[in-house]
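So the chains spell out like this:
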Amino acid sequence: MGNAPSHSSEDEAAAAGGEGWGPHQDWAAASGTTPGPGVAAPALPPAAALLEPARLREAAAALLPTPPCESLVSRHRGALFRWLEERLGRGEESVTLEQFRELLEARGAGCSSEQFEEAFAQFDAEGDGTVDAENMLEALKNSSGANLQGELSHIIRQLQACSLVPGFTDIFSESKEGLDIHSSMILRFLHRNRLSSAVMPYPMLEHCNNMCTMRSSVLKESLDQLVQKEKESPGDLTRSPEMDKLKSVAKCYAYIETSSNSADIDKMTNGETSSYWQSDGSACSHWIRLKMKPDVVLRHLSIAVAATDQSYMPQQVTVAVGRNASDLQEVRDVHIPSNVTGYVTLLENANVSQLYVQINIKRCLSDGCDTRIHGLRAVGFQRVKKSGVSVSDASAIWYWSLLTSLVTASMETNPAFVQTVLHNTQKALRHMPPLSLSPGSTDFSTFLSPNVLEEVDSFLIRITSCCSTPEVELTLLAFALARGSVAKVMSSLCTITDHLDTQYDASSLILSMASVRQNLLLKYGKPLQLTLQACDVKGKEDKSGPENLLVEPWTRDGFLTETGKTRASTIFSTGTESAFQVTQIRIMVRRGGIGAQCGLVFAYNSSSDKFCAEEHFKRFEKYDKWKLQELRQFVKSRIGCSSDDLGEDDPIGWFELEEEWDEADVKLQQCRVAKYLMVKFLCTRQESAERLGVQGLTISGYLRPARAEAEQSVTCAHCRKDTEESVCGATLLLRTLQFIQQLAHDLVQQKESGLKYKSFLDFAGLDLQIFWNFYSKLKQNPREECVSAQTLLLQLLQSCFSVLQGDVLAASEEEKAPIQSPKGVEAAKELYTHLCDVVDKVDGDSVPMEILKQEVRNTLLNGAAIFFPNRQTRRNHLFTMMKNVTEQEHKQSLQLTFRSLCTYFSDKDPGGLLLLPEKNDLAKMNISEVLAVMDTLVSVAARECELLMLSGAPGEVGSALFSLFWSVQGSLLSWCYLQLKSTDSGAKDLAVDLIEKYVGQFLASMRAILESLFSQYSGKTIVERLCNSVFSMAARQLVIFLLDFCTLDIPHCVLLREFSVLTELLKKLCSGPEGGLRKLDVETWQQEQPVVLHTWTKESAHNYENNCHEVSVFVSPGATYFEVEFDDRCETEKRYDYLEFTDARGRKTRYDTKVGTDKWPKKVTFKAGPRLQFLFHSDSSHNEWGYKFTVTACGLPDVAVSWGLDLQLLVSRLMGRLASQCMALKSVRQLGSNMVVPQAKMALVLSSPLWKPVFRHQVCPELELEASWPTHPHRNSKEVKNIPDDPCRHFLLDFAQSEPAQNFCGPYSELFKGFIQACRKQAPKTDIVAGSTIDQAVNATFAALVYRTPDLYEKLQKYVNSGGKIALSEEFAQVYSLADGIRIWMLEMKQKSLMSLGNEAEEKHSSEATEVNPESLAKECIEKSLLLLKFLPTGISSKESCEKLETADETSHLQPLNKRQRTSSVVEEHFQASVSPTEAAPPATGDQSPGLGTQPKLPSSSGLPAADVSPATAEEPLSPSTPTRRPPFTRGRLRLLSFRSMEEARLVPTVKEKYPVLKDVMDFIKDQSLSHRSVVKVLSLRKAQAQSILEVLKITQHCAESLGQPHCFHPPFILFLLELLTCQKDFTNYFGHLEGCGADLHKEIRDTYYQLVLFLVKAVKGFSSLNDRSLLPALSCVQTALLHLLDMGWEPNDLAFFVDIQLPDLLMKMSQENISVHDSVIRCTCSLLATVTC
């Protein structure tokens, strides 16, 4: 039944997390925290999290669960059910893709066309865009509501739903036509549902694949958070000059309204997710509206839902915002998966300041009517504007000003008046302990605002300026402590420093500070996660040992000692090197007589590094004899004593339990920083008890850094001996500094932890000048107390770094001048210089001085932003130090400074080193500066490599540089990712340019580094010594990021070319002495000991409820299999109620009835990761106990892979992925943005009758393309060879371009005149449309008609070659008359445009209609005619391949009727409706043999002409088209044909009937929807695509040959090959898809592809010579990849290549080797060969 109802939002969050998708617990936990300066950007994962296997697994397991990806079909499954049933009820038996798309779009699917086609393809077995409705409904029923992507496709591939398989046929039939059709259907089916290369089994790469999956998951999570923050938080609220700070508001709305049931609104906000608000109204009309509080910015909005609500559960929710309730704008649309229970985030890191926020429930699950909302969370920040002085403050300040003036004037005449004021002030301060006047104090008086307190402080300083006595100094210090003002306290202490030996009556103040400190520690202590180190007694049983003391809940067994032991001592620690400060312990003992009655608590340290339990127990054994009486005596003796008297061996806490009370809270008397905590249970309640029982304990406090040095004293030697009330100035100084330092340190820790806290300290007015003045005074005094004070002051300075550098960072972000005053800058410089001198001092020092030195080092390491307050100063200083940082001899201060700067830019400002611009400020970016910074870092990394090869051990500087490079390069690549994901084209171009240049720069440096190292060392030595180098990290980080970038629009081909040069170097890096892959690395991959990655527990209600349909998804990146262990009590109703598991590959397993049987084993393993889906279904009757099971995700063990091999595998994967993306031809940037052709225009060009005979052939090489033609920048010079010059073509070009109004001139002037006289038999129809441009259009059209008609062009050639002596036939005059007919067409178009101008209903087209006039039409005709003249005439092409492209249907289409080859005496067109001779359609060409069609670029599954193919179909290359079967003729039709042929006299055909191509040319010239620019763009696109493909194939061939040495059966090559085939569905038919690129380029692509296939063929054939059976899995992968590459849309002229590689013999040998694996693949390939050879 899923998660049991919880009683708190936190419980709900934890429960939902077990299902694979919980709410955002960070908002749930931190809704009331005080935020820092703005929302911090999600940090990139650390280097170890991506490079070290163990840390990577931890990072992957810690990822926030993401919502499962529901497929489009699963999301709308119910609607599809009803829609299909309605269609079947109306008798509509089929569904088309467009109908499917219209239905889902009407339901707001919001998907791309590719997603619609992919979803529809799951049902479309034949690939013709039509599905049988009944079969589709049956497939939906078989899916059982599973929501795994591709699950239906898996059913198709496994042939589990026979209704989706393309039927059967009789292969022994005499007629082969049906066999051809069926084989084509089978081939298309296999093409669409082929095996993915990602699932090809290769055990050796499982570890590598899991590593890649986990890396991608961890990195993608971080990058997605960056993108989300960029989208939803466009501006940083803290940087607004109008605001001073932001105040977190958990309830940021004034009230809530709903569409119905307003009385139940409180059920959404009561924190109980078991209750809910339920709507009452029609579907799609439910909403929840929040009226926001004034000046509140909404940052987080979420609602709680429950999967058990079924049809009441919201499925689609939108968020709308606006200034008033009637005008709202939707800003977010969220789809909620059906299996989610818990809080669903609607807005995160948003910046919504509108008054109204409305949640609209657009749709419920299964189209339910009403909805249920179980919870609502809205968290925001309230703007607190900078306010001036209030009226009350002004009144108080006015009063204090008058009082100050009065007292000042009276001081000289009445000195006693000052003493009276001071006495009253001291009297009041006795009741004002430290921090009591701070804003965070609960006793703070509202009328004492900061302004008033500042005026009071000024008053006290003014009246005490005339007298400086210990009482006055103590008064000012007490007032500063009461205010909590750090600056004022330091000023007072600075004055006291001059009188360190003076006695001050400050004992009460010191005790007051200790009391306040103790109370604060107790108040804000948090539960500590300690571990049990030892216990001096054993447990009663294994399940009741002392380790149970720290296990919650306390309802379990707890700790029971063995018989006879009634006391016990337990020791706890953090389990690490860190210490702790315990403040409180809560203890619960067992009830009854065995429960502990009393005990002691000790906190102590140990001088020994190793833990020895016996020594620890012996140290406190004197207390083992204590009973209750001794404890009471000790407690009595402590009354009135100070906690400072307690030593490490004394108890600092004790407890005593009443008879009927089992719990005790122990508040420690002294909160000591220690590494060990001992709890002694002294005795039981009853002396007769046999054993001691303790249920559990919780420990609260703080984690503290362990200090190896002895703690310095905070009391001077004189005061240690003196017990009087007064203390000396040195003790007061140390105690006060320690008090302020501890408070500031605690504030820093609480702020970093993100927990709720209040600041009791006031940092106003604090600057570095105050610190330096105070420190200067202290360092002038050589006393030991001053050295200790310097140490405390530096610790305080480190705690105040965030305060001191806050404004500096803001100024740096805005690139302003430093905001610090000249004195502050000078103070920073002087302090930095002094600290460097202290560190570099090598003389032997005392213990306090050594402690001071350590704090100086810490200050230098963390103070980069303080000592170098300007960003540019920090950058310049760091770059200066980089030039010689790798030298061995350096002052310690320089190393610390370098590490400090590196740490600063790594952790706090990685973008600051690169000066990456913010959003909307990209114009200022200078790429060369960014590249210069990265080049400097790479050069330092190169020098580090040289040092490591000599020394072999990286130093502290190396680790700092490591962290810096990781952060800076990660920041650079993350910034590029954000720009690539944005909608700004300029930002994308900038990011692409930066990536391209940086990768080229980095790889050039990388090649130089490796080549230099290889000249001196072997690959093995390099890998061993550079394992922790910056170079090894940076190279892998770059490749890991680029692997994630491959799906974006980046220059894939350019990057592939850059990385392909590395293959030889990386192979040399990872090769053994013999040149092959080192055996050690291969053997480590074959370990089979899995590790547990994640564990979930799932349980239903007992008994479960009826009508359940619950879905949960368990996801664990890197998991290879899941183990499910069921409880022995699991039971469901037989058959009707069941549990169903679906693995990542779509395999389903159902269980019902009773666990423990053969059908339902107790433990099941699903060997397909990294995802497992669970479905529980119950009907409306009979329920049983239910289910409870544990799911364990297991992964491969951590395998030690060298960084060199890791890099080689990463680069191999990246090159394969880049090549695959290039092959898919989906990247716009790969070809250039000017190459983009709209889909509609592409379809018009491809469906044009002139595409096959004209456009797809080669353009005349000597004719320069027009400047406006978008050609590819790299033209292939090989295309223009071997094409003879033709004077006839020049003649027609000159004729078409000449103006008829002027006399013809030039070499053909006489021929022109004779040509015109011979062709223009009739006067031109100038009375219709006249003009010089129109006449030129007629001539150009005539030239194009003659040029594109082979017979006429041949006759014209003879005429031109003879110099006009050979007479022209009458056909030329008829063609000229046909061309002259365009005048009538122009007139008709003009009349239509005039009619549209007068039609007010068509205002939309009026602007276009005004441009339609004879002049513009004539210009279009001239352009189109000249375009036709630019192509080679029919029959002329390059020697190599153009003749092969001429097919039977083209030549028959171009030849006159009387010269065509007669195919049949009966044609189907004879029985079609007659048409006029001038509009006769060209004869059909459907009588081609199967497989010989020449439309691979426009595949059609039904044999339709190209013009009838939809644009969507035109884009997808498929297998050879399937011919249509002609219906048989009846005898009546044959007699009718015979009668008509005998009786009717055949008319002499006109020139248009004789040459059908004339009609096609005229139609093209007149077609307004198809411009000459569209044709040129399509051809340019095809040429650019072909050149890109050719380059990729050549690079791929180079990579294959390089990686395939010494053989092709090692992991890098296999990985490259498998990644190459991931996008194979997009390039199954290059040879037809790229038609129009030019014959020579087309042939070169084919030959290059041949070479790639031939390389794999040779590898497969040569496997037997290796004689290594361990490579058999690799052979299987190579063979499968070869079959994938052979599975292309081959053409008849490829048969020679099949003969050369002896394909039948090759396939037969492969089948003999492993017939079980390749049986199905070989059959489909044989079908392909049969189709081709027909």
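Residues numbered from 1 in each chain as written. Predicted model: local features only at pLDDT ≥ 70, side-chain atom pairs only at ≥ 80, totals over all residues. Heavy atoms only, no water.

Engineer: Can you explain the overall build of the protein? Please cite residues and give values.
Structural biologist: Along the backbone of the protein there are 66 helices and 34 strands. Taking all 1734 residues of the protein together, the buried fraction comes to 52%. Contacts in the protein between residues at least 24 apart in sequence constitute 82% of all its contacts with a sequence separation of at least 6. (Helix = DSSP H or I, 4+ residues; strand = E, 2+ residues; numbered from the N terminus. Buried < 20%, exposed > 50% of the residue type's maximum accessible area, 1.4 Å probe, protein only. Contact = heavy atoms within 4.5 Å.)

Engineer: Can you lay out the pairing of strand S20 (residues 596-604) for me, pointing to particular residues and giving the numbers?
Structural biologist: Regular strands show a simple pattern: their side chains alternate between the two faces of the sheet. Extensive coverage of S20 is indicated by the burial of nine of its nine residues. Strand direction decides the pairing type here: S20 and strand S24 (residues 676-684), joined by eight bridges, are antiparallel. Note that in S24 the partner of Cys598 across the bridge is Cys683. Bridge analysis of S20 against strand S21 (residues 653-656) gives four bridges, and the strand direction is antiparallel. In the strand pairing of S21, Cys598 is matched with Glu656. (Pairing = 2+ DSSP bridges.)

Engineer: Please give an account of the pairing of strand S25 (residues 693-704) that cites residues and values.
Structural biologist: Where burial is concerned, most of S25 is hidden: ten out of the twelve residues are buried. Pairing geometry for strand S15 (residues 526-527) and S25, over two bridges, is antiparallel. Counterpart to Pro527 in the pairing with S25 is Ser700. Taken together, the two bridges between strand S17 (residues 559-560) and S25 define a ladder with antiparallel strand orientation. What sits directly across from Phe559, in S25, is Val694. Here ten bridges tie strand S19 (residues 579-589) to S25, and the two strands are oriented antiparallel to one another. Note that in S25 the partner of Val589 across the bridge is Val694.

Engineer: So, the sheet that holds S24: which residues are in play, and what are the values?
Structural biologist: Taken together, five strands build an open sheet; the order of strands is S16-S18-S24-S20-S21 and the sheet is antiparallel. What marks the edges here is a single partner per strand, and that holds for strand S16 (531-535) and S21. Averaged over neighbouring strand pairs, the angle between their axes works out to 20° when direction is ignored. The strands touched by helix H21 (residues 628-637) within the sheet are S20, S21 and S24, with S21 carrying the most contacts at an inclination of about 130°. (Axes fitted to C-alpha atoms, helices over the stretch in contact; angles between N-to-C directions.)

Engineer: Which residues make up the packing of helix H35 (residues 985-1014) against helix H39 (residues 1063-1070), and what values go with them?
Structural biologist: Close contact between H35 and H39 brings their axes to 11 Å; oriented N to C, the two are set at 40°. Our classification of the angle between H35 and H39 gives oblique. In this structure, the crossing between H35 and H39 has a hand that is left-handed. Here Met1006, Arg1007, Leu1010, Glu1011 and Phe1014 of H35 lie close against H39, whose contacting residues are Leu1065, Leu1066, Lys1068 and Leu1069. Residues of the contact of H35 with H39, tallied by class, amount to six nonpolar, no polar and three charged. (Parallel < 35°, antiparallel > 145°, perpendicular 65-115°, else oblique. Left-handed = near helix turned anticlockwise from the far one by under 90°. Nonpolar A, V, L, I, M, F, W, Y, C, P; charged D, E, K, R; others polar.)

Engineer: Help me get a handle on the confidence of the model for the protein, residues and values and all.
Structural biologist: Taken over all residues, the pLDDT of the protein has a mean of 75, while the share at 70 or more is 74%. Element-level mean pLDDT values for the protein span from 31 in helix H2 (residues 25-30) up to 93 in strand S18 (residues 568-573). Counting interchain partners and residues more than four positions distant, the pLDDT-below-50 stretch residues 1-41 has 103 contacts. Across residues 807-819, where pLDDT falls below 50, the model places 19 contacts with residues more than four positions away in sequence or in other chains. (pLDDT = per-residue confidence, 0-100.)

Engineer: With reference to specific residues and values, describe the packing of aromatic side chains.
Structural biologist: The final tally for this structure, using the stated rule, is 42 aromatic pairs. For the ring pair Phe655 and Phe681, a centre distance of 6.1 Å and an interplane angle of 70° mean the geometry is edge-to-face. With a gap of 26 residues between them, Phe655 in strand S21 and Phe681 in strand S24 connect regions that are remote in the sequence. Judged by centre distance (5.0 Å) and plane angle (80°), the ring pair of Tyr1104 and Phe1176 falls under edge-to-face. On the criterion of sequence distance, the pair formed by Tyr1104 in the loop between strand S27 (1091-1099) and strand S28 (1109-1115) and Phe1176 in strand S33 (residues 1171-1177) is long-range, its members being 72 residues apart. Residue classification places Tyr1104 among the buried positions, given a relative accessible area of 0%. Given the relative accessible area of 0%, Phe1176 is considered buried. (Phe/Tyr/Trp six-rings, centres within 6.5 Å; stacked < 30°, edge-to-face > 60°.)

Engineer: Residues and numbers for unusual backbone geometry, please.
Structural biologist: Put simply, His1102 and Asn1103 share a cis peptide bond, and its omega is -5°. Structurally, the position occupied by Asn1103 is in the loop between S27 and S28. Cis geometry is found at the peptide bond from Gln1605 to Pro1606, where omega equals 5°. On the secondary structure map, Pro1606 appears in the loop between helix H59 (1572-1603) and helix H60 (1611-1620). Despite not being glycine, Cys284 shows a phi value in the positive range, around 65°. You can see Cys284 is positioned in the loop between strand S5 (277-278) and strand S6 (286-292).

Engineer: Give me the environment of His207: which residues, what numbers.
Structural biologist: The residue His207 is located in helix H12 (residues 206-232) in this model. Judged by its relative accessible area of 9%, His207 is buried. The spatial distance from the C-alpha of His207 to the C-alpha of Leu1196 is 6.4 Å, given a sequence separation of 989 residues. Excluding residues that lie within four positions of it along the chain, His207 makes contacts with Leu1196, Pro1197, Val1199 and Val1201.

Engineer: Tell me about the side chain of Thr1349, and please be specific about residues and values.
Structural biologist: Here Thr1349 lies in the loop between helix H47 (1332-1347) and helix H48 (1350-1361). Thr1349 sits in the buried class, given a relative accessible area of 0%. Ignoring sequence-local partners within four residues, the contact set of Thr1349 consists of Tyr1555, Val1557 and Leu1558.

Engineer: Help me get a handle on empty space enclosed by the protein, residues and values and all.
Structural biologist: Space left empty within the atom packing is revealed by a probe, the size of a water molecule, rolled over the atoms. Under the counting rule described, the total for this entry stands at twelve cavities of 30 Å³ or more. Its volume calculated, the second largest cavity comes out at about 110 Å³. Every residue lining the second largest cavity is listed: Arg517, Leu520, Leu521, Tyr524, Tyr702, Leu743, Asp746, Leu747, Gln750, Lys758, Phe760 and Leu761. Every element with two or more residues in the lining of the second largest cavity is listed here: helix H19 (507-524) and helix H23 (729-753). Of the residues that constitute the lining of the second largest cavity, the class distribution is eight nonpolar, one polar and three charged. (1 Å grid on protein atoms, 1.4 Å probe; cavity = no way out; pocket = protein on both sides within 12 Å on 5 of 7 lines; lining within 4 Å. Points joined across faces, edges and corners; volume = space filled by probe spheres on them.)

Engineer: An account of the sheet that holds S27 is needed here, citing residue identities and associated values.
Structural biologist: With antiparallel pairing, four strands are arranged side by side in an open sheet as S27-S34-S29-S32. Each end of this open sheet is capped by a strand with a single partner; those strands are S27 and strand S32 (1163-1166). Adjacent strand axes in the sheet meet at a mean angle of 20° when their direction is disregarded. Alignment of strand S29 (residues 1119-1126) against strand S34 (residues 1188-1195), held across seven bridges, turns out to be antiparallel. Residue pairing for S34: Glu1123 is matched across the bridge by Thr1192.

Engineer: Now, about the pattern of salt bridges: what can you tell me, with residues and values included?
Structural biologist: Evaluation of the coordinates by the stated rule reveals 44 salt bridges. Put simply, Arg90 and Glu92 hold a salt bridge, and the shortest N to O gap is 3.4 Å. As a salt-bridge pair, Asp309 and Arg372 come within 3.5 Å of each other at their nearest N and O atoms. Taken as a pair, Asp309 in the loop between strand S7 (296-305) and strand S8 (314-324) and Arg372 in strand S12 (residues 372-373) lie far apart in primary sequence, 63 residues in all. The class for Asp309 is buried, based on a relative accessible area of 7%. A residue is classified by how much of its surface remains accessible, and Arg372, at 18% relative accessible area, is buried. Linked through salt bridges whose partners overlap, the residues forming this network are Asp536, Arg567, Asp624 and Lys680. (Salt bridge = Lys/Arg side-chain N within 4 Å of Asp/Glu carboxyl O.)

Engineer: So what about the environment of Tyr276? Which residues, and what values?
Structural biologist: Mapped onto the secondary structure, Tyr276 falls in the loop between helix H13 (266-269) and S5. Take Tyr276: its relative accessible area is 28%, and that puts it in the partly exposed class. Separated by 28 residues in sequence, Tyr276 and Ala304 place their C-alpha atoms 9.0 Å apart. Residue contacts for Tyr276: discarding those within four places in its chain leaves Lys267, Arg372, Ile373 and His374.

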